[in-house]
Amino acid sequence: MSGREPPARRPDYAAFERIETRWADNDVYGHINNVTYYAYFDTAVNRWLVKAGLLDIAAGDPIGLVVETGCRYHAPAAFPDRLEAGIRVGRLGNSSVRYEIAIFHEGGEEAIAEGHFTHVYVDRKTRRPVSLPDSWRKALEKLAG
């Protein structure tokens, strides 16, 4: 028996965003290429932030810079699969957030991939870390795992 943790399950996540696979996501091995999952993670989290009224991509302040990321893969997907990204907050710091994301086949119960990334929130102009605004903190606490 390996020491690998089993895949995360759907109830472990607080919010979900739909991910449409694209033909270009497939690699020569006939499945979604590993690097594409990082784009799915980024898309899902930023879409959630926009929907929550927190992120103004063009002019908002603060902005999040990725300082760490990682992924574990459990099962393949391929175009034209329909996927869902489960999102939760693993750690909420003063100026940083560790987002944890799991990719599921649409309606699936076990994650096919699990990843994380940490945003450090910075002032748009100075690029120096800033404390998360209270409105952000309240919204992100709802995603805490």
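Preceding this paragraph is the structure being described.
To keep things clear, this report deals only with the structure shown in the data block. Remember, predicted model here, so these are calculated numbers, not experimental data.

Notes on the sheet that holds strand β3 (residues 82–92)
(1) Moving on: Taken in spatial order, the 5 strands make up an open sheet running β1-β3-β4-β5-β2, and their pairing is antiparallel. For this open sheet the edge positions go to β1 (15–20) and β2 (63–73), each flanked by a neighbour on one side alone. Across the sheet, the mean angle separating the axes of adjacent strands is 25 degrees when strand polarity is ignored.
(2) Moving on: Looking at chain direction, β2 and strand β5 (residues 113–122) are connected through 10 bridges and run antiparallel. Note on β5: the bridge partner recorded for C71 is G115.
(3) Moving on: Across the face of the sheet, helix α2 (residues 134–141) comes into contact with β3, β4 (96–105) and β5 while running at roughly 120 degrees to β3.

A look at the environment of G115
(1) Moving on: Residue placement: G115 occurs in strand β5.
(2) Moving on: G115 gets classed as buried once you look at its relative accessible area, which sits at 8%.
(3) Moving on: Residues G115 and R98, 17 residues apart in the sequence, show an inter-C-alpha distance of 10 Å.
(4) Moving on: Excluding its chain neighbours within four sequence positions, the residues that come into contact with G115 are F41, G70, C71, Y99, E100 and I101.

Digging into the side chain of E17
(1) Moving on: When you line up the elements, E17 lands in strand β1.
(2) Moving on: Among the polar contacts made by the side chain of E17, one reaches the side chain of K51 at a distance of 3.0 Å.
(3) Moving on: Apart from residues no more than four positions distant in its own chain, E17 is found in contact with A44, R47, W48, K51, L83, E84, A85 and I87.

Remarks on the nonpolar core
(1) Moving on: Y37, W48, L49, Y99, I101, I103 and L140 are the most contacted members of the largest nonpolar core, which totals 30 residues.
(2) Moving on: For this core, the secondary-structure elements that each account for two or more residues are β1, α1 (36–51), β3, β4, β5 and α2.
(3) Moving on: No other element matches α1, which puts 7 residues into this core.
(4) Moving on: Setting aside residues up to four positions removed in sequence, I103 forms contacts with Y37, Y40, F41, L83, E84, A85, A111, I112 and A113.

A look at the pattern of salt bridges
(1) Moving on: Tallied over the entire structure, the rule returns 11 salt bridges.
(2) Moving on: The salt bridge involving R98 is made with E68; its shortest N-O contact spans 3.6 Å. Placement of the pair is R98 in strand β4 and E68 in strand β2, with a sequence separation of 30 residues.
(3) Moving on: Exposure remark for E68: the relative accessible area of 39% places this residue in the partly exposed category.
(4) Moving on: Counted as one network, the salt bridges with shared partners bring together E68, R88, R98 and E100.

Structural notes on α1
(1) Moving on: Between the first and last C-alpha of α1 there are 22 Å, a value that for 16 residues agrees with the 22 Å anticipated at 1.5 Å per step.
(2) Moving on: Along α1, the residues that are buried comprise T36, Y37, Y40, F41, A44, V45, W48 and L49.
(3) Moving on: Of the surrounding elements, those touching the buried residues of α1 are β1, β2, β3, β4, β5 and α2.

Some words on the packing of aromatic side chains
Aromatic ring pairs are defined here through the distance separating the ring centres and the angle between the ring planes.
(1) Moving on: Taken as a whole, this structure holds 8 aromatic pairs when the rule is applied.
(2) Moving on: Ring centres of W23 and F79 lie 5.9 Å apart, and the angle between their planes is 85 degrees; on these two criteria the pair is classed as edge-to-face. On the criterion of sequence distance, the pair formed by W23 in the loop between β1 and α1 and F79 in the loop between β2 and β3 is long-range, its members being 56 residues apart.
(3) Moving on: With a relative accessible area of 33%, F79 lands in the partly exposed category.

How each quantity is defined
- Residues numbered from 1 in each chain as written.
- Predicted model: local features only at pLDDT ≥ 70, side-chain atom pairs only at ≥ 80, totals over all residues.
- Heavy atoms only, no water.
- Pairing = 2+ DSSP bridges.
- Helix = DSSP H or I, 4+ residues; strand = E, 2+ residues; numbered from the N terminus.
- Axes fitted to C-alpha atoms, helices over the stretch in contact; angles between N-to-C directions.
- Contact = heavy atoms within 4.5 Å.
- Buried < 20%, exposed > 50% of the residue type's maximum accessible area, 1.4 Å probe, protein only.
- Polar contact = N/O pair within 3.5 Å; in protein donor to acceptor, adjacent residues only side chain to side chain.
- Core = buried A, V, L, I, M, F, W, Y, C linked by side-chain atoms within 4.5 Å.
- Salt bridge = Lys/Arg side-chain N within 4 Å of Asp/Glu carboxyl O.
- Expected span 1.5 Å × (residues − 1).
- Phe/Tyr/Trp six-rings, centres within 6.5 Å; stacked < 30°, edge-to-face > 60°.

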